[in-house]
Amino acid sequence: MKKTILTGLRPTGNLHLGHYFGASKTWCEIQDDYDFYLEIADVQALTDNFNNPEKVRKNVFEITKDLLAIGIDPNKVHFFIQSQIPEIAELTVFYSNLVTVSRLERNPTVKNEIAQKKELFGNNGESITYGFLGYPISQAADITCFSGEVVPVGDDQLPLLEQCREIVRKFNSIYGNILKEPEQLLSKTSRIKGLDGNEKMGKSLGNAIYLIDDEETIRKKIMQAITDPSKIKKDDPANPDICMVYYYHKLVNTEENQETICKECKKGARGCVQCKKELIEAMNQFLKPIQEKREQYSEEDIKNILEKGTKEAQEKAKETMSMVKEAMKINY
Ligand code: TRP
């Protein structure tokens with residue numbers, strides 16, 4: 001029996017290199033080893049995009065296409081849409097009794113997000129919604145609804161997983177041993193730096209390269225990438241370790257080329273413009289097969305894949321719900 005794995009992502013934009021190298025590349029590598037549930041978390045996306053439903057809807061399809069393009073196989077992985085599994089919402093209500101408000105307010109992931117979303121939630125989080133504060137409960141429902149045993153996450157998600165485990169323990173201690181405590185599968189590289197040298201590549205930071213970026217967009221972005229600021233002239237020696245161009249060469253170029261680039265840069269034998277041009281070439285080579293694969297899927301294909309995965313997920317969710325309701329004595 002394969003273990004069950006569950007992970008999710010918020011459909012708020014296309015996938016970028018940060019998502020790819022930080023997470024979804026690993027999902028491709030392990031898709032044979034698990035019974036894999038992949039949730040397009042539209043309900044969670046709405047917790048901070050409730051005023052933009054069009055954006056969330058569009059990105060459900062966009063993100064599914066991106067995931068298929070990088071090689072996630074819909075015959076191995078159940079792709080499903082969170083909103084189409086009402087059991088998740090039901091579980092969220094039941095779990096809400098097991099979590100204190102102060103525990104949610106102390107969750108580091110939630111705290112960080114509130115601080116980042118001042119426009120939506122006020123300078124001190126005074127306008128935080130009930131729904132956003134409670135999304136860790138909903139995420140615990142996402143995982144346990146499918147008896148997720150393993151959850152692949154970046155370290156920013158660990159507090160959410162810890163909160164899920166607490167809910168499971170509390171539930172089991174009151175209603176009987178029904179739910180499984182999930183364990184994390186931490187990604188080796190959980191963070192990819194942005195074009196501007198920021199520790200994190202992110203959509204809201206405006207420093208991302210997207211898997212769907214065309215050649216012209218890639219060219220513009222890479223030409224603006226941050227290099228060693230001490231290098232003024234083309235033949236000044238420089239430090240590749242603080243250069244974003246070299247950082248991305250290490251992600252998408254061959255090992256042989258990486259070595260040459262590193263050596264030449266340190267000796268002052270390569271100019272940044274040349275180096276950027278080579279990166280543009282390597283980046284396009286890297287993205288081309290992904291973009292070609294993406295083109296092969298029609299809107300109809302995507303709909304069918306989501307429909308099939310959602311049906312499979314619904315079956316599993318029903319099983320869990322019947323056990324939960326029996327344990328909670330609400331199985332009328
Ligand atoms: N919170 C996750 C993110 O923002 C997305 C997510 C939703 C998730 N449900 C999940 C991740 C369940 C792991 C397990 O990226």
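It should be emphasised that the depicted structure is a prediction, and the values quoted were computed from it without experimental measurement.

Novice: Give me the overall build of the chain: which residues, what numbers.
Specialist: For the chain, the helix and strand inventory stands at 15 helices and 5 strands. For the chain, the C-alpha radius of gyration of 22 Å lies close to 20 Å, the compact-globule estimate for 332 residues. Counting every position in the chain, which comprises 332 residues, the buried fraction comes to 52%. Here the analysis covers contacts within the chain between residues at least 6 apart in sequence; of these, 77% occur between residues at least 24 apart. About 16,800 Å² of surface is accessible on the chain, with carbon and sulfur atoms providing 49% of the total.

Novice: Which residues make up the pattern of salt bridges, and what are the values?
Specialist: Following the criterion strictly, the structure yields 23 salt bridges and no others. For D48, the salt bridge identified is with K117, shortest N-O distance 2.8 Å. Here the residue D48 occupies a position in the loop between α2 (42–47) and α3 (53–69), and K117 occupies one in the loop between α6 (108–116) and α7 (118–121), the gap between them amounting to 69 residues. The partner of E162 in a salt bridge is R169, with the nearest N and O atoms 3.6 Å apart. Judged by relative accessible area, E162 falls into the partly exposed class, the value being 31%. Taking the relative accessible area as the measure of exposure, R169 reaches 38% and is therefore partly exposed.

Novice: Let's hear about the domain arrangement of the chain: which residues, and what values?
Specialist: Partitioning the chain into domains gives domain 1 (4–193 + 299–327) and domain 2 (215–293). The C-alpha-based centres of domain 1 and domain 2 are spaced at 35 Å. Contacts between domain 1 and domain 2 engage 10 residues on the former and 9 residues on the latter. Surface buried jointly by domain 1 and domain 2 totals about 830 Å² across both partners, of which 77% is contributed by carbon and sulfur atoms. Contact with domain 2 buries area across many residues of domain 1, yet L17, A69 and K193 alone supply 57% of it, more than any other trio. At the junction of domain 1 and domain 2, the tally comes to 0 salt bridges. Connecting domain 1 to domain 2 are 2 residue pairs in polar contact (both at pLDDT 80 or more). Secondary structure elements with two or more residues in the side of domain 1 that touches domain 2: α1 (17–30) and α3. Broken down by class, the residue content of the side of domain 1 that touches domain 2 amounts to 7 nonpolar, 1 polar and 2 charged.

Quick notes on the rules
- Residues numbered from 1 in each chain as written.
- Predicted model: local features only at pLDDT ≥ 70, side-chain atom pairs only at ≥ 80, totals over all residues.
- Heavy atoms only, no water.
- Helix = DSSP H or I, 4+ residues; strand = E, 2+ residues; numbered from the N terminus.
- Rg over C-alpha atoms; globule rule 2.2 N^0.38 Å.
- Buried < 20%, exposed > 50% of the residue type's maximum accessible area, 1.4 Å probe, protein only.
- Contact = heavy atoms within 4.5 Å.
- Areas by Shrake-Rupley, 256 points an atom, 1.4 Å probe, with all protein chains shown as cover.
- Salt bridge = Lys/Arg side-chain N within 4 Å of Asp/Glu carboxyl O.
- Domains from an automatic or database assignment.
- Buried area = accessible area lost by both parts, 1.4 Å probe.
- Polar contact = N/O pair within 3.5 Å; in protein donor to acceptor, adjacent residues only side chain to side chain.
- Nonpolar A, V, L, I, M, F, W, Y, C, P; charged D, E, K, R; others polar.

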